Structures are given as C-alpha cells and as structure tokens.
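Analysis of the macromolecular model
Listed below are the residues making up each chain.
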Amino acid sequence: MIEFTLPSLGADMDEGKLLEWKVSPGDTVKKGQVVAIVDTSKAAVDIEIWCEGTVFELLTEPDETIPVGTVMATLLEAGESAETAKRAPRAAPAPKAAATPSHPGPLPRHGGEGIVSGRRRVSPAARKHAEELGVDIETVAGSGPEGAVTLADVEQAAAAKVSPARTAAVTDKVADKAAAMRRAIAAAMGRSKREIPHYYLSEPVPMRRATEWLALANEGRPITARLLMAVLQLKAVALALRKFPEMNGFFRDGAFQPATAAHIGVAISLRQGGLIAPAIHDVGEKSLEQLMLDLADLVKRARAGSLRSSEMSDPTITVTNLGEQGVAAVYGVIYPPQVALVGFGRIGEQPWVENNALGVMPVATASLAADHRVSDGHRGALFLAALRDQLQEPEKL
Amino acid sequence: MDENELRTVVIATLKTIAPEVEEGDLRADRPLRNQVDLDSMDWLNFLIGLHQKLQVDIPEADYAKLVTLGDVLDYLQKKLK
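Residues numbered from 1 in each chain as written. Chains lettered and ligands numbered in written order. Predicted model: local features only at pLDDT ≥ 70, side-chain atom pairs only at ≥ 80, totals over all residues.

Okay, the pairing of strand β18 (residues 340-344) of chain A next. Residue and element names in this part refer to chain A. In terms of burial, β18 is largely enclosed, as 5 of its 5 residues are buried. Burial of the side chains of β18 extends over both faces: Ala340, Val342 and Phe344 are buried on one face and Leu341 and Gly343 on the other. Where strand β17 (residues 317-320) meets β18, 3 bridges bridge the pair, whose relative direction is parallel. Paired with valine 319 across the bridge in β18 is valine 342. Where β18 meets strand β20 (residues 357-371), 5 bridges bridge the pair, whose relative direction is antiparallel. Pairing of glycine 343 across the sheet is with serine 367, part of β20. (Buried ≥ 20, exposed ≤ 12 C-beta atoms within 10 Å, placed from the backbone. Helix = DSSP H or I, 4+ residues; strand = E, 2+ residues; numbered from the N terminus. Pairing = 2+ DSSP bridges.)

Here it is, written out as structure tokens:
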C-alpha cells in the first residue's frame, strides 16, 4: 500500500486546500501524472504523483484544507489487490491548531482543543519569537528533541494562524490572497535571513557578443519564435553550474545535498503583487528554443495561478532578472533550502576599456548570493567568472 | 482601419497582458513601458498579440521605434496601409 501525501511545494508552504481530484479509485496512475489540484497561498498547483499504482482510496475531500504531509490517498502497488491491502490508517499529522502537545496545565480555549499534561520544553529564542509574532506559545506543537518547541515551530504556528481566514469562503478575495502571499514570502525570507549566512558577489558582464548574437538569431525568426536574453542567461547559469555543484542543490538537516541537474527557479513577479519562483527543469540539457517555450509557458501559467507541484518543490537554484525593472544590480535573498541565487541587472551601455582603448560596451551586472555553510567567496567568484565567460560565447549556449 | 479602431485594438491587446491598465491614465507621448509595468516577456507577448490581431510583421530591429503609445499607433498605421 502506497500512501500519497501532500508534498511541500516550497519553504513557504505548510498547508494546502484540495480543489479537485483528477483521479478516482480504481484508476491506474503513472509517475508524473497530475492527480489533484491544490490551492496554496501562491497558486492553484497541479499535484503530480511520483510512483505508479492503482488508486485505492481518496482520503481528502475537495475544499478540505490539510497540512503538508497529510495522507491524501492510498494506492495499490503492482501485484497488490484491494483484498490483500490493509486499510491504511490515516496517519495524517493532526491539523496544526489541534496538535497541542504536552502542556503543564489547563489551556485557554483555542477552538476547543484537547488538554494534555506533561512537561514542555521551549527554547528562549522560540518564546521570544512567539511573542513578536503574537503566537500563544502554549498552543504550539514542538518538533524538536523531546517535543521541544523550536523557532521553526513558532513560525509554522504563526503561518497556520491565518488558516481559518484562508479556508473561509473569502478565499477568492484578492486582498486576502495577497495578504496570504505576503505572509508566505515573509516566512520564507525571514527563515532565509536567519538561517543562511549569505555572502554576496557581483561582476560586470560585457554583453555585446550576446546582444549581437541574439539580434542576428531573431532577425530570421517570426515574432512568435523569437528568443529573449533571459533565456541565454538561464542557460549560461546552468552551464556554469556544472563545474560548481556547491551552488546547486539543497541544504537540509545540517548538510548540503548537491543536485544532479540544474532545475532553475525563475523569479516571476505577479501583477497583483508578490512573486513566485517555479522551476524550469534540466535547463543545462535544453536548447534555447525549448527554454524559450518553457519560459513563456511558465510565466503565463504562473500569472494565471496554475503551476505543477514539481515546478514548485524542486528548484535547485533561483535566477532573478530585476534588470527588467531597470535596476543596475540585484542582491538576492536565497530561497531555502536552496543555497544560491543569481541576479542579473539591466543591460546598459557603459564606458569600457578593452585592448587599451576606451569604448562603449553594453554591460549587465551579474550577482551571486550564496550560502557560506556550503561555499566560500573564492568559489563564488570563480562561478561568476565562469558565468561571464559562458555569455561571451553565445553560440555555444 | 481608422485611428480609433486601431487604438481600441492596441489597448485591448495591452489589457490582455496588463489587465490593470486604465486607458484614461495612459499618455500617448510618454514611454509606454514606464507607464505600464511590462517586462521583456510582457512586451514580446504584447507585440505577438498585435501581430496576430492585425497580421503585421514587427521585426525586432523596429522595437526601438516603439517607445510611446503614439509611436506604436503610428507604426501600425503605416504598416496597415
């Protein structure tokens, strides 16, 4: 029996609302198939399944809001039948508000949750942070050693506090959605700045060869097949990453896990405010034409609020192109559990010395924010130099 | 297609990219991309939209001529003749 749980779709998600099942009991599913649509604070996400099997039972009802990790459905493995499979216990983590663990005395009533007794550990930092966030520390479930309440628990509880409002009938209201997104961004970026020792580097990248190559490449193309500079930049990052695996992957459970492919999260600003950074998969392996199609599709779906779970959950690095808005350079905040973020500033003409002569050069500042737990500035500098060099040979991208 | 019809098409296309645009707030003599928050993907999609509705070809080399809403309207008007 396979238990299909609600995946985390990024550091800023701790619950989701099931909108719709795309499968029924008895259906066979393939790896990567969309089985459900779940609403998060950022988008309605198509949830893909990562195993093969036959749907046995759907445990979550549409319109139900459930925490990440909840068993949503059970599936039969190949060779398993409904008779042999034991009915899986619903091993869902209890909803956050009800997950009140050991507690020394009577609780103030929080929606009528149970009262449990026992000794309780709370770190001073968690207690202080709970006060700042207006969270009642006695209602927070502890996930640390011996049920200790950690900073992360407090943050989760703070985020979960908004859930009644989100699950109410007002979900569709734009203002509500914007507020939920702002809280989600605040939680992820707050965690990033607290946990990740960032270092920052920048490098002016001459862009003449890339702009000229692109102009020539687009000259012969119909408007619907034209490439954007952003696509060259994404590919250049992916190729540069091959020699710098310490910029590409996740820092989890106290250790760095390098990724085997470059799934680049593309920071996309949303018109109603906020941003989202879903992944384009295997950027290093794709042609510029394919990347352009993927990018156009991703931006369109991100703005329409329709993304896939794999795009949300597995970016291995993020690229942001705030140069589009006219800034010279961007120093990014790493999106946990990733370990690096590459930023591109606007392409602008600058005085430039080349071969002892002063000339004019289109230049874009590339920047790197990286995690000092995983890499040092020396390697970061070499990575940016490799990125700069990739963009000097656009024909090889 | 007269000037008003063309303007209607252009504004409608712009609104498919940036639904928040109010026609009355747009100044025809100011850079369009400063008035409407359009990144290069939005801009490309705007031009693709115009290309599809009006059947005009807009080479990339001409992008530099298309700064204000007035520029866009003049350019399209000439192309449609």
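Our next topic: the interface of chain B and chain A. The interface is formed by 11 residues belonging to chain B together with 12 residues belonging to chain A. Taken together, the residues that form the side of chain B that touches chain A break down as 6 nonpolar, 2 polar and 3 charged. (Contact = placed C-beta atoms within 7 Å. Nonpolar A, V, L, I, M, F, W, Y, C, P; charged D, E, K, R; others polar.)

Our focus in this paragraph is the sheet that holds strand β2 (residues 15-21) of chain A. Residues and elements named next belong to chain A. Sheet architecture is open: 5 strands sit in the order β7-β2-β4-β5-β16, paired in mixed fashion. Here the strands that pair on one side only, and so sit at the sheet edges, are β7 (65-67) and β16 (306-308). The mean inter-strand angle of the sheet, taken between neighbouring strand axes irrespective of direction, is 40 degrees. Relative to strand β4 (residues 34-39), β2 is paired through 4 bridges, and the arrangement is antiparallel. Across the sheet, lysine 17 pairs through a bridge with aspartate 39, a residue of β4. (Axes fitted to C-alpha atoms, helices over the stretch in contact; angles between N-to-C directions.)

Looking at the element boundaries, lysine 193 of chain A is found in helix α4 (residues 174-195). Along the sequence, lysine 193 of chain A and tyrosine 335 of chain A sit 142 residues apart, while their C-alpha atoms lie 9.6 Å from each other.

Moving on, we get to the nonpolar core. Residue and element names in this part refer to chain A. Grouped together as the largest cluster of nonpolar side chains are 96 residues, with contacts concentrated most on Leu234, Val237, Ile264, Val266, Ile280 and Ala340. The element contributing the most residues to this core is helix α6 (residues 229-241), with 11 residues. If we skip the residues at most four places from it in the chain, leucine 234 touches Ile264, Ile280, Val283, Leu291 and Val319. (Core = buried A, V, L, I, M, F, W, Y, C linked by C-beta atoms within 7 Å.)

Residues and elements named next belong to chain A. In this structure, β4 lies alongside strand β5 (residues 44-48), joined through 5 bridges in antiparallel fashion. Residue pairing across strands places alanine 36 opposite isoleucine 47, the latter belonging to β5. Linking β4 to β5, which pair antiparallel, is a turn of 4 residues.

Now for the packing of helix α1 (residues 3-17) of chain B against helix α4 (residues 69-80) of chain B. Residue and element names in this part refer to chain B. As a packed pair, α1 and α4 sit with axes 10 Å apart at the nearest point and diverge in direction by 120 degrees. Here α1 is positioned oblique relative to α4, judged by the angle of their axes. Our pair here, α1 against α4, has a crossing hand that is right-handed. Contact residues: Leu6, Arg7 and Val10 in α1; Val72, Leu73, Leu76 and Gln77 in α4. When the residues that make up the contact of α1 with α4 are grouped by side-chain class, the tally is 5 nonpolar, 1 polar and 1 charged. (Parallel < 35°, antiparallel > 145°, perpendicular 65-115°, else oblique. Left-handed = near helix turned anticlockwise from the far one by under 90°.)

Turning our attention to the domain arrangement of chain A. Residues and elements named next belong to chain A. Each assigned domain of chain A is listed with its residue range as follows: domain 1 (2-76), domain 2 (98-189) and domain 3 (197-396). Taken over C-alpha atoms, the centre of domain 1 sits 31 Å from the centre of domain 3. Facing 12 residues of domain 1, the contacting portion of domain 3 comprises 13 residues. Of the residues assigned to the side of domain 1 that touches domain 3, the class counts are 7 nonpolar, 2 polar and 3 charged. (Domains from an automatic or database assignment.)

A word on the packing of α6 of chain A against helix α7 (residues 288-304) of chain A. Residue and element names in this part refer to chain A. For the pair α6 and α7, interaxial distance at closest approach is 9 Å and the crossing angle is 115 degrees. As summarised for this structure, α6 and α7 are arranged roughly perpendicular, according to the angle between their axes. Here α6 and α7 pass one another in a crossing that is right-handed. Here Ala230, Val231, Leu232, Leu234 and Lys235 of α6 come into contact with α7, specifically with Leu288, Leu291, Met292 and Leu295. Classifying every residue of the contact of α6 with α7 gives 8 nonpolar, no polar and 1 charged.

A separate point is unusual backbone geometry. Residues and elements named next belong to chain A. Proline 336 connects to proline 337 through a cis peptide bond whose omega is 5 degrees. With respect to the element layout, proline 337 can be found in the loop between β17 and β18. For aspartate 282, which is not a glycine, the phi torsion comes out positive at approximately 50 degrees. With respect to the helices and strands, the residue aspartate 282 is situated in the loop between β15 (279-280) and α7. C-beta crowding within 10 Å serves as the criterion here: with 16 such atoms nearby, aspartate 282 is assigned to the partly exposed category.

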